[in-house]
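Working through the structure, step by step
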Amino acid sequence: MSEMSDPMPGTSGTARTRLSVLKTYKLFLGGKFPRSESGRVYEVTDTRGRWLANAPLASRKDARDAVVAARKAFGGWSGATAYNRGQILYRIAEMLEGRRDQFTAEVAAAEGLSRAKAAARVDAAVDRWVWYAGWSDKIAQVAGGANPVAGPYFNLSTPEPTGVVAVLAPQESAFLGLVSVLAPVIVTGNTAVVVTSERAPLPALSLAEVLATSDLPGGVVNVLSGRTAELAAPLAAHQDVNAIDLAGADDAGLARELEAAAAENLKRVLRPADGGADWSADPGTGRMLAFLETKTVWHPVGL
């Protein structure tokens, strides 16, 4: 009597159901992927309430650690040439293109879209990332220049990054909206602490995996998932955060509270658009200019 053995998984002749390899999502801090220091997670579901994954529920301590990482990275990133920053952002776009199918599936689940519509959103997000990459060495020509003065002097104004920017990602646009608020912050030399969409954090957490394997220095972008209000409050009040984008503060009361907290150290505040933003519209240069300072230098004219 011959002996029969079960075929190896993946070989012909097996009728066994393959077990899914479930993904473990983590935070992204300083170029590394820690779990939340609190050990907490929360369930992420699709628009029909079906479970997708457990996402880390970041704490105030995680938010403070993210600011420390962003500040540490600021000197090197802001000191890099604009051309170099543009190259790095373009490399990120190349990698996003290579993971297009993954992001399409995540956006479809997060936003309740058909696969075709989700693919169009992902394509728009990648194209927007490329668009911002192209602005890296051009924004200075828009925001700076030579000023006419009465006297034998050169008077030159140049834009400089603000510093560490806290970014509350849009709640309803899990990927295109995220790219639309993150790319303009870092292309101009700022570093970022991103609070993902509370309901749909998975595309942002997957974007962190792309950033980690690109040429982007660790700490330039730090990604926190969890309760937006819980994480936004310590970031708005943090003395080492220089600016905050309130795009994801959907509640008007929360936005006012955060704006009041941000006034403590005179943070730049970008308020959410009235009636909600149209993330598919032409972004213009407004979000890049919102997080730039202007340095003006006087220099005598030589003979």
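Quantities reported herein were computed from a predicted structural model and do not represent experimental measurements.

We now examine a nonpolar patch on the surface. Among the surface-exposed residues, Phe 154, Leu 156 and Val 301 lie close enough to one another that they form a single nonpolar patch of about 260 Å² accessible area. With respect to the helices and strands, the residue Phe 154 is situated in strand E4 (residues 153-161). Judged by relative accessible area, which is 46%, Phe 154 ranks as partly exposed.

Tallied over the entire structure, the rule returns 17 salt bridges. For Asp 46, the salt bridge identified is with Arg 50, shortest N-O distance 2.8 Å. Using a relative accessible area of 47% as the deciding quantity, one classes Arg 50 as partly exposed. For the salt bridge of Asp 65 with Lys 61, the shortest nitrogen-to-oxygen distance reads 3.0 Å. In this pair, Asp 65 and Lys 61 are both assigned in helix H1 (residues 60-79), four residues apart and thus about one turn of the helix distant.

Here two bridges tie strand E3 (residues 145-146) to E4, and the two strands are oriented antiparallel to one another. Within E4, the position partnered with Ala 146 by the bridge is Leu 156. Two successive antiparallel strands, E3 and E4, enclose a turn made up of six residues, where Gly 151 displays a positive phi of approximately 150°. The pairing of E4 with strand E10 (residues 292-300) spans nine bridges and is antiparallel. In the sheet register, Leu 156 faces E10, and the bridge partner there is Val 297.

Our next topic: unusual backbone geometry. Notably, Leu 266 is not glycine yet its phi reads approximately 60°, a positive angle. As for its position among the elements, Leu 266 is in the loop between helix H9 (252-262) and strand E9 (268-270).

Calculation rules
- Residues numbered from 1 in each chain as written.
- Predicted model: local features only at pLDDT ≥ 70, side-chain atom pairs only at ≥ 80, totals over all residues.
- Heavy atoms only, no water.
- Patch = residues over 30% accessible without salt bridge, like charges linked within 9 Å, V, L, I, M, F, W, Y side chains within 5 Å.
- Areas by Shrake-Rupley, 256 points an atom, 1.4 Å probe, with all protein chains shown as cover.
- Salt bridge = Lys/Arg side-chain N within 4 Å of Asp/Glu carboxyl O.
- Helix = DSSP H or I, 4+ residues; strand = E, 2+ residues; numbered from the N terminus.
- Buried < 20%, exposed > 50% of the residue type's maximum accessible area, 1.4 Å probe, protein only.
- Pairing = 2+ DSSP bridges.

Functional significance is not addressed by these values, which are geometric in nature.
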